[in-house]
Amino acid sequence: FVNFTNRSGDKPLPNSVILSAYFTATSLATATSIGLNKTLATRAPPIIGRFVPFAAVAVANMVNIPCMRSQELREGVVIVDSEGNKLGQSVTAAQRSIVSTTFSRICIAAPGMLMTPVIMEQLEKKPYIKSLSKWKSCVLQTLLVGSFLVVAVPFGCALFAQKQSIAVDDLEDDLKKTILEKNSTIKTVYYNKGL
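Residues numbered from 1 in each chain as written. Predicted model: local features only at pLDDT ≥ 70, side-chain atom pairs only at ≥ 80, totals over all residues. Heavy atoms only, no water.

### Here we look at helix α6 (residues 91-123)
Next, step 1: Given a rise of 1.5 Å per residue, 33 residues ought to cover 48 Å, and the 48 Å separating the end C-alpha atoms of α6 matches this to within 8%.
Next, step 2: Of all the bends in α6, the greatest reaches close to 35° and is centred on Ala110; the proline Pro111 follows between one and four positions later.
Next, step 3: Of the residues flanking the start of α6, the one acting as N-cap is Ser90, its side-chain oxygen 3.2 Å from the backbone nitrogen of Thr92. (Helix = DSSP H or I, 4+ residues; strand = E, 2+ residues; numbered from the N terminus. Expected span 1.5 Å × (residues − 1). Bend = angle between axes of the 7 residues up to and from the residue. Polar contact = N/O pair within 3.5 Å; in protein donor to acceptor, adjacent residues only side chain to side chain.)

### Quick look at the packing of aromatic side chains
Next, step 1: Inspection of the entire model under this criterion finds two aromatic pairs.
Next, step 2: Relative to Phe23, the ring of Tyr22 lies with its centre 5.1 Å away and its plane at 75°, an arrangement referred to as edge-to-face.
Next, step 3: Exposure remark for Tyr22: the relative accessible area of 45% places this residue in the partly exposed category.
Next, step 4: An angle of 70° between the planes, with centres 6.2 Å apart, marks the rings of Phe103 and Phe160 as edge-to-face. Of this pair, Phe103 sits in helix α6 while Phe160 sits in the loop between α8 (134-158) and β3 (163-167); the two residues are 57 residues apart in sequence, bridging distant segments of the chain.
Next, step 5: You can call Phe103 partly exposed: its relative accessible area is 45%. (Phe/Tyr/Trp six-rings, centres within 6.5 Å; stacked < 30°, edge-to-face > 60°. Buried < 20%, exposed > 50% of the residue type's maximum accessible area, 1.4 Å probe, protein only.)

### Things to note about the pairing of β3
Next, step 1: Only one face of β3 is covered, namely the face carrying Gln164 and Ile166; the face carrying Lys163, Ser165 and Ala167 is uncovered.
Next, step 2: Relative to strand β4 (residues 188-192), β3 is paired through five bridges, and the arrangement is antiparallel. What sits directly across from Lys163, in β4, is Asn192. (Pairing = 2+ DSSP bridges.)

Shown next, in the form of structure tokens:
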């Protein structure tokens, strides 16, 4: 439900949209994981199999964020001028915000999910780590991923400013016409990308 609270709009979303996004993302992430595990199990070195969860998380983000923000894709996000005056709504800006949000979410997951398997591969060669139970190994992996997230979340959120600009010329023709009729000197407008 992080995607719900971090969307750029303030319009309410029906529970059906939230549930649909959750189940769609979960189903596709699971299918990705199972499919890659079956494909890679016989053909790739074991270390490659450890990256399957990252692929599943990336797929889940690529599905979940657009689903949760589907209303923005249909109706657009609010466009404002430099003083915060509402000028209209843009689907183009919504598309850009969803792409950048999805990219930053994948970047947030990448360090922990890509580095942890490499670190664990090396650590598991050490006698002390070999003697750990699966439970303790799981705790160690969780701590590693959590440590990476502590650093990755601020950087991932900072990849793209929350307040984004877009050239008036890049907006939909009808919105562009409306804005230029109000003020023909406006060249750039702004929108809330969401997190």
